Amino acid sequence: MSLNVLVTGATGFIGRALVADLLRGGASVIALSRDARAARALLGPRVRVVGSLQEVADDEAIDACVHLAGARVLGPPWTAGRRRLLLESRARIAGDLMALLRRLRQRPRVLVGASAIGWYGRSPDAANPPCDESHSPQPGQFQSDLCVAIEQALRPAQALGVRVVALRFGIVLGADGGAYPPQARAARFGLASVLGSGRQPVPWVHIQDAVGLARFAIDHEALAGPVNAVAPQAPTQAEFARALAASFGRGVWLRMPAAPLRLALGEMADLLLEGRPVVPAAAREQGYAFRFPGLEAALADLARRH
Ligand SMILES: NC(=O)c1ccc[n+]([C@@H]2O[C@H](COP(=O)([O-])OP(=O)(O)OC[C@H]3O[C@@H](n4cnc5c(N)ncnc54)[C@H](OP(=O)(O)O)[C@@H]3O)[C@@H](O)[C@H]2O)c1
């Protein structure tokens, strides 16, 4: 029987790829968007777009919800207002989702939400040990507090009998959005650079595996709780920059010191200058097979599409 999936953030980088994959697999998709008209134009006639979850009827048979919506984390510096927006944009929609789950006559089997490896925060000892899903958050660090809030907002669904999976995404690499295209443009012109010490780990995941893991979370009844959505091996930032440059036949000659980045970006510079090694323990344990486990093959694939 074909799936009926409700997706928030369907117009975003990961959402568009997920929706395309769901449609290819014969699923029906309901997309929530703040701009229903633009979303219809973007996603096409096969997707039913709603501007509010109140438009979903009580007797709609939804099999799975995927919550990807939220203001962009890597953007303008994290002023108090931006921090509020990052938290509230996600929590408000999660709250609306809970209200929907409560009133649906037949509840979805699963709610998959987007969290991030920011859960694990930064650590003075970036080298060891790699973080599996059991590692604690780092209270007081904004990226960690944000992920804790995101995952907390998903939790009430459990009490309603819905399986909840929080995908802790690393940097999602894809040709059509996210962090890759601007970095690839720079690398192509020989402008890839080492950031700070270059020793910070860069947990990444190819967009096909980001979507693959979301599909795995929907389909795989045994998967619940946090799931690290990262490739099995995280390079250091310097290794990542070298591999990216090499995918365009270039080298890395530039180094951006940490101080000006910190001055310009404040705490948000943590996203570029700090990192912890993260391993996809839960996905591996449940038998997920990565399409792109290695960075070189992932970057070669993306360079072809860029
Ligand atoms: N991409 C990554 O590398 C990465 C890494 C870690 C975690 N994540 C998380 O995964 C999720 C999806 O990522 P993505 O890269 O696909 O995000 P994205 O491209 O920025 O898309 C997010 C979607 O959320 C909606 N949105 C944007 N601002 C909003 C606001 N202020 N209030 C409510 N909705 C808003 C938009 O949909 P409408 O305009 O249609 O409403 C947008 O299409 C996000 O929560 C992100 O934080 C992504």
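Cut-offs applied
Note on numbering: residues in each chain are counted from 1, in written sequence order. At least 70 in pLDDT is required for a residue's local features to be given in this predicted model, at least 80 for side-chain atom pairs to be given and counted, and no such filter applies to totals for whole chains, interfaces and linings, which use all residues. Secondary structure is summarised from DSSP: a helix means a run of H or I of at least four residues, a strand means a run of E of at least two, and numbering begins at the N terminus for each. Working definition of burial: number of other C-beta atoms within 10 Å of the residue's own, with buried at 20 or more, exposed at 12 or fewer, and partly exposed in between, all C-beta atoms being placed from the backbone. For each residue, a C-beta atom is placed from the backbone, and the residue counts as near a molecule or strand when that atom lies within 6 Å of it. Gly is placed with the polar residues, together with every amino acid not listed as nonpolar (Ala, Val, Leu, Ile, Met, Phe, Trp, Tyr, Cys and Pro) or charged (Asp, Glu, Lys and Arg). To obtain the arc, one takes the directions from the helix axis to the C-beta atoms. C-beta atoms are placed from the backbone for every residue, and two residues are taken to be in contact when these atoms lie within 7 Å. At least two DSSP bridges between two strands are needed for those strands to be called paired. Axes here refer to lines fitted to C-alpha atoms; in helices the fit is confined to the stretch in contact. Angles between the N-to-C directions go from 0 to 180 degrees.

Remarks on the environment of glycine 287
One can find glycine 287 in the loop between α11 (281–285) and α12 (295–305). Accessibility expressed as a C-beta count within 10 Å gives 10 for glycine 287, which makes it exposed.

Let's talk about the site of the ligand
What surrounds the ligand is a group of 26 residues, the closest being Gly12, Ser33, Ser89, Ala114 and Phe169. Of all elements in the fold, only α1 (13–24), α3 (80–103), β5 (110–116), β7 (171–174) and β8 (177–178) reach the threshold of two or more residues within the shell around the ligand. No other element matches the three residues that α1 contributes to the shell around the ligand. Looking at the shell around the ligand, its residues break down into 14 nonpolar, nine polar and three charged.

Describing the environment of threonine 236
Structurally, threonine 236 can be placed in the loop between β11 (225–229) and α8 (237–246). In this structure threonine 236 comes out as partly exposed when scored by C-beta crowding, with 19 C-beta atoms within 10 Å. A C-alpha to C-alpha distance of 9.9 Å links threonine 236 and valine 194, two positions 42 residues apart in sequence.

Section: α12
Listed as buried for α12 are Leu295, Ala298, Leu299 and Leu302. The arc that holds every buried residue of α12, seen down its axis, measures 90°, which confines them to one face. Facing away from the buried side of α12, by more than 90 degrees, are the exposed residues Glu296 and Arg304. Next to the buried residues of α12 lie β7, α6 (180–188), β10 (204–206) and α8.

Some words on the sheet that holds strand β4 (residues 64–67)
With respect to topology, seven strands assemble into an open sheet ordered β3-β2-β1-β4-β5-β6-β11, the strand pairing being parallel. The open sheet is flanked by β3 (47–50) and β11, the only strands paired with a single partner. For this sheet, the mean angle separating the axes of adjacent strands, direction not counted, is 20°. Here four bridges tie strand β2 (residues 28–32) to β3, and the two strands are oriented parallel to one another. Paired with alanine 31 across the two strands is valine 49, which belongs to β3. The sheet strands contacting helix α4 (residues 142–154) are β5, β6 (163–169) and β11, and the helix crosses β5 at an angle near 175°.

Concerning the pairing of β4
Because side chains alternate across β4, one face comprises the buried residues Ala64 and Val66, and the other comprises Cys65 and His67, equally buried. Looking at chain direction, strand β1 (residues 4–8) and β4 are connected through four bridges and run parallel. Pairing of threonine 8 across the sheet is with histidine 67, part of β4. Sheet topology note: the β4/β5 ladder contains four bridges and is parallel.

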